[in-house]
Amino acid sequence: MKRNVIAVDLGASSGRIISASLEDGKMELKEQFRFSNQPIELTDSLYWDYLKIFQEIKYGLMIAQRDLKKIDSLSVDTWGVDYGLVGHDGKMLLTPHSYRDTRTEEFENKLYEKLTPKELFALTGVQPNLINSNFQLFADMNLHPYLKDEVANIMFMPNLVEYFFSGVKSNEFTIASTSGLLDGVNRELSDDVFNRLGFKKEWFGDIQRGGHVLGNVLPDIAKEVHLDSDIKIINGIGHDTGAAVYSLPISSQEAKNVAFISCGTWSIVGQQTDKPVVTEQAFEAGLTNEGCFDGGNRLLQNITGLWIVQELQKEWSFEGEMVEFSKMVDEAESAEHIGSYINPNDPLFATPSNMEEKIVKFLKETDQKLPNSRGELLQIVFESLALSYRDTINNLENITNEEIKRIYMFGGGIKNRLLVQLTANFCKKEIQTGPTEASVTGNVLAQYKALGYFKDDAERLSIVKSSFDTRVITPQAMDSDELNNRIDGFTKILKKEIAI
């Protein structure tokens, strides 16, 4: 019997409705609908258009229903940290902000007066960052003091969308673990953080783990877009990277010796551990801890990733040329290596617009050679990203005392053959790419688990291995002096303290 479920996969630039059909232990994915999901700038603030998101998902579900005839369930995964505020009447109080909104900057020092960066990391295991939910919520409560009485529930973005469809309020562990609101030891809402920042734990309710059926799609929605009335809404894996890690064809025994790189707008480089690592060494290395579907931990670093390339592409389109990503790779491969690098995590590259100008500014400030062509500019970005991955993987090995034997790369960035090969070369490790749709696959697997379509990790691995092929990329031979020169050049850039 064919089992059809829907993964609602929301990214920071697009949203997708992907169907998965499971039959005889093999899964097939199909994109049913895609829509733009850009944050909207209004009166110096950045918001998510949650009404558009909701409407687009409904439309996509109508298309999927017509194609599949029968849908068993749906679940939502998204980027981390963002949330919606719901009042006592069950309605939205404010439009959800994008994590790139700058309102947190005003309250950074005020928050650090209550909890220093080291205290925040020691308490939560999450690297302090202005985009984190704790910073955003602190800013919201200071900007709008009335909210402390008006808020009844706060839901992270995937759970907010599931609430719109089911009417059931919930929050899920993997997405909550990105917030900086959970205790780094027991992984429940942190008493210390909530008390010292003035938050109420009842806003978030119980943090659910392991997949739960919330209920059926609301009757009015089913009637409006002609859906089956018994479609189950599942609180599965809310965080897209958490979902992607669940899709990897590795057992729990192998996990500690495997690194993963989620390669998209953000690059997320990490390793699975039994429990959070909250040592001073981890803090100084910029590592953070996030949860896994099975309750385990992901020790990782968030790196500003292909966002830089996406912004370059957007700028060039404004100038009249739409440069496809494949052409960017070709130009970078053909370009002369000039030995210049950027630090992708420098705050200069975190905000939109004028990305080429920002790269040139960084190179000038660091006394490096400037590119003479678009290809050289792109090569600088791709090499810097790959070297950032290497730096993080070395930190992971040193801090966990576990040898990383191979790397899994997934996300849209694995289509960039140059970036994947550079990563293999610089890390001197074998890389396996795929599943291509890793977040969607993990989302779907969590639904199958919640519905009882498979029981244990062995069955999950069997489904993944039967359904998807992976590609193996081995390191190319590089002259050791040349490799060391590139590593040293990038390391010097990381160590320089530059006020830009």
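This structure is a prediction, so every number in the text was calculated from the model and none was measured.

The rules behind these values
- Residues numbered from 1 in each chain as written.
- Predicted model: local features only at pLDDT ≥ 70, side-chain atom pairs only at ≥ 80, totals over all residues.
- Heavy atoms only, no water.
- Helix = DSSP H or I, 4+ residues; strand = E, 2+ residues; numbered from the N terminus.
- Rg over C-alpha atoms; globule rule 2.2 N^0.38 Å.
- Buried < 20%, exposed > 50% of the residue type's maximum accessible area, 1.4 Å probe, protein only.
- Contact = heavy atoms within 4.5 Å.
- Areas by Shrake-Rupley, 256 points an atom, 1.4 Å probe, with all protein chains shown as cover.
- Pairing = 2+ DSSP bridges.
- Axes fitted to C-alpha atoms, helices over the stretch in contact; angles between N-to-C directions.
- Polar contact = N/O pair within 3.5 Å; in protein donor to acceptor, adjacent residues only side chain to side chain.
- Phe/Tyr/Trp six-rings, centres within 6.5 Å; stacked < 30°, edge-to-face > 60°.
- Lys NZ or Arg CZ within 6 Å of the ring centre and 35° of its normal.
- Core = buried A, V, L, I, M, F, W, Y, C linked by side-chain atoms within 4.5 Å.
- UniProt positions renumbered as here; feature names shortened; annotations may be inferred.
- Arc of directions from axis to C-beta.
- Salt bridge = Lys/Arg side-chain N within 4 Å of Asp/Glu carboxyl O.

Brief notes about the overall build of the chain
Turning to step 1, where the next piece is worked out: The helix and strand inventory of the chain stands at 19 helices and 19 strands.
Turning to step 2, where the next piece is worked out: At 22 Å, the chain has a C-alpha radius of gyration in line with the 23 Å of a compact globule built from 500 residues.
Turning to step 3, where the next piece is worked out: Per-residue burial over the chain gives 59% buried out of 500 residues.
Turning to step 4, where the next piece is worked out: The contacts in the chain between residues at least 6 apart in sequence include a share of 71% that link residues at least 24 apart.
Turning to step 5, where the next piece is worked out: Total accessible area computed for the chain in this model is approximately 20600 Å², and 46% of it derives from carbon and sulfur atoms.

Considering the sheet that holds strand β3 (residues 26–36)
Turning to step 1, where the next piece is worked out: Strand order in the open sheet formed by six strands is β3-β2-β1-β6-β12-β11, with mixed pairing between adjacent strands. Of all strands in the sheet, those with a lone pairing partner are β3 and β11 (212–216), marking the two edges. Strand-to-strand, the axes of this sheet are offset by a mean angle of 25°, without reference to chain direction.
Turning to step 2, where the next piece is worked out: Looking at chain direction, strand β2 (residues 14–23) and β3 are connected through ten bridges and run antiparallel. Bridging across to β3, glycine 15 finds its partner in phenylalanine 35.

Things to note about the environment of threonine 104
Turning to step 1, where the next piece is worked out: With respect to the element layout, threonine 104 can be found in the loop between β7 (83–87) and α2 (108–114).
Turning to step 2, where the next piece is worked out: In this structure, the C-alpha to C-alpha distance between threonine 104 and asparagine 129, residues 25 residues apart in sequence, is 9.6 Å.
Turning to step 3, where the next piece is worked out: Within polar-contact distance, the side chain of threonine 104 engages the backbone oxygen of leucine 130 at 3.3 Å.

Quick notes on the side chain of glutamine 271
Turning to step 1, where the next piece is worked out: Note on placement: glutamine 271 falls in strand β14 (residues 266–273).
Turning to step 2, where the next piece is worked out: Engagement of the side chain of glutamine 271 in a polar contact is seen with the side chain of threonine 400, the distance being 3.4 Å.

Notes on the packing of aromatic side chains
Turning to step 1, where the next piece is worked out: By the definition in use, this model includes 19 aromatic pairs.
Turning to step 2, where the next piece is worked out: Plain terms: the ring middles of phenylalanine 194 and phenylalanine 199 are 5.9 Å apart, the flat faces sit at 90° to each other, and that makes the pair edge-to-face.
Turning to step 3, where the next piece is worked out: Phenylalanine 199 gets classed as buried once you look at its relative accessible area, which sits at 6%.
Turning to step 4, where the next piece is worked out: The structure contains a cluster of three or more aromatic residues connected by ring pairs, namely Tyr50, Phe54, Tyr163, Phe164 and Phe165.
Turning to step 5, where the next piece is worked out: Over the aromatic face of tryptophan 307 sits the side chain of arginine 100, whose NZ or CZ is 3.8 Å from the ring centroid.
Turning to step 6, where the next piece is worked out: A cation over a ring is seen here: arginine 374 above tryptophan 316, with NZ or CZ 5.3 Å from the ring centre.

Remarks on the nonpolar core
Turning to step 1, where the next piece is worked out: In terms of nonpolar packing, the biggest core is built from 60 residues, with Ile342, Ile359, Tyr389, Ile407 and Met409 touching the most fellow members.
Turning to step 2, where the next piece is worked out: For this core, the leading source of residues is helix α15 (residues 374–400), giving twelve residues.
Turning to step 3, where the next piece is worked out: Non-local contacts of methionine 409, meaning those with residues more than four positions away in its chain, are made with Ile261, Cys263, Tyr389, Ile414, Val420, Thr423, Ile431, Gln432, Thr433 and Gly434.

Considering the UniProt feature "domain: Carbohydrate kinase FGGY C-terminal" (unreviewed entry) in the chain
Turning to step 1, where the next piece is worked out: Taken from the UniProt record, the annotation "domain: Carbohydrate kinase FGGY C-terminal" (unreviewed entry) applies to residues 260–450.
Turning to step 2, where the next piece is worked out: With 47% helix and 17% strand, residues 260–450 has end C-alpha atoms that lie 25 Å from one another.

What about the side chain of serine 439?
Turning to step 1, where the next piece is worked out: On the secondary structure map, serine 439 appears in helix α17 (residues 438–451).
Turning to step 2, where the next piece is worked out: Among the polar contacts listed, one links the side chain of serine 439 to the backbone oxygen of aspartate 240, at a separation of 2.9 Å.
Turning to step 3, where the next piece is worked out: If sequence neighbours within four positions are ignored, serine 439 has contacts with Asp9, Asp77, Asp240, Ala243 and Ala244.

Structural notes on helix α3 (residues 117–124)
Turning to step 1, where the next piece is worked out: Taken together, the buried positions of α3 are Leu120, Phe121, Leu123 and Thr124. The buried residues of α3 occupy one face: seen down the axis, they fall within an arc of 165°.
Turning to step 2, where the next piece is worked out: Where α3 ends, the next residue or the one after it, glycine 125, has phi of about 75°, a positive value.

Brief notes about the UniProt feature "domain: Carbohydrate kinase FGGY N-terminal" (unreviewed entry) in the chain
Turning to step 1, where the next piece is worked out: UniProt's feature table lists "domain: Carbohydrate kinase FGGY N-terminal" (unreviewed entry) at residues 5–245, given in the numbering used throughout.
Turning to step 2, where the next piece is worked out: Secondary structure across residues 5–245 divides into 34% helix and 26% strand, with the first and last C-alpha atoms of the span separated by 19 Å.

As for the pairing of strand β16 (residues 297–304)
Turning to step 1, where the next piece is worked out: For β16, the tally of buried residues reaches seven of eight residues, placing the bulk of the element in the interior.
Turning to step 2, where the next piece is worked out: Across eight bridges, β14 lies against β16 in antiparallel orientation. For tryptophan 266, the partnering residue across the bridge sits in β16 and is threonine 304.
Turning to step 3, where the next piece is worked out: In this sheet, β16 lies alongside strand β15 (residues 288–291) in antiparallel orientation, the contact comprising four bridges. When the sheet's bridge partners are listed, asparagine 289 is paired in β16 with leucine 299.
Turning to step 4, where the next piece is worked out: What sits between β15 and β16 in their antiparallel hairpin is a turn of five residues, with glycine 295 showing a positive phi close to 95°.

Quick notes on the sheet that holds strand β17 (residues 406–410)
Turning to step 1, where the next piece is worked out: Read from one edge of the open sheet, seven strands run β15-β16-β14-β13-β17-β18-β19, paired in mixed fashion. With one partner strand each, in any of the chains shown, β15 and β19 (471–473) form the two edges of the open sheet. This sheet shows a mean twist of 30° between the axes of neighbouring strands, independent of strand direction.
Turning to step 2, where the next piece is worked out: Pairing geometry for β17 and strand β18 (residues 430–433), over four bridges, is parallel. From the neighbouring strand, tyrosine 408 faces β18, where its bridge partner is glutamine 432.

Remarks on helix α6 (residues 157–166)
Turning to step 1, where the next piece is worked out: Among the ten residues in α6, ten count as buried, and that is most of the element.
Turning to step 2, where the next piece is worked out: Listed in full, the buried residues belonging to α6 are Met157, Pro158, Asn159, Leu160, Val161, Glu162, Tyr163, Phe164, Phe165 and Ser166.
Turning to step 3, where the next piece is worked out: Backbone geometry just after α6 places glycine 167 at a positive phi near 80°.

With respect to the pattern of salt bridges
Side chains that differ in sign of charge can pair as their charged atoms come close.
Turning to step 1, where the next piece is worked out: In this structure the tally under the stated criterion is 27 salt bridges.
Turning to step 2, where the next piece is worked out: Between aspartate 230 and lysine 70 there is a salt bridge whose closest N-O contact spans 3.0 Å. One end of the pair, aspartate 230, is in the loop between α9 (219–225) and β12 (232–235); the other, lysine 70, is in the loop between α1 (50–68) and β6 (73–77), and 160 residues separate them in sequence.
Turning to step 3, where the next piece is worked out: Classification of aspartate 230 as partly exposed rests on a relative accessible area of 32%.
Turning to step 4, where the next piece is worked out: Look at the salt bridges and you will find they share partners, linking Glu321, Lys327, Glu331 and Arg374 into a network.

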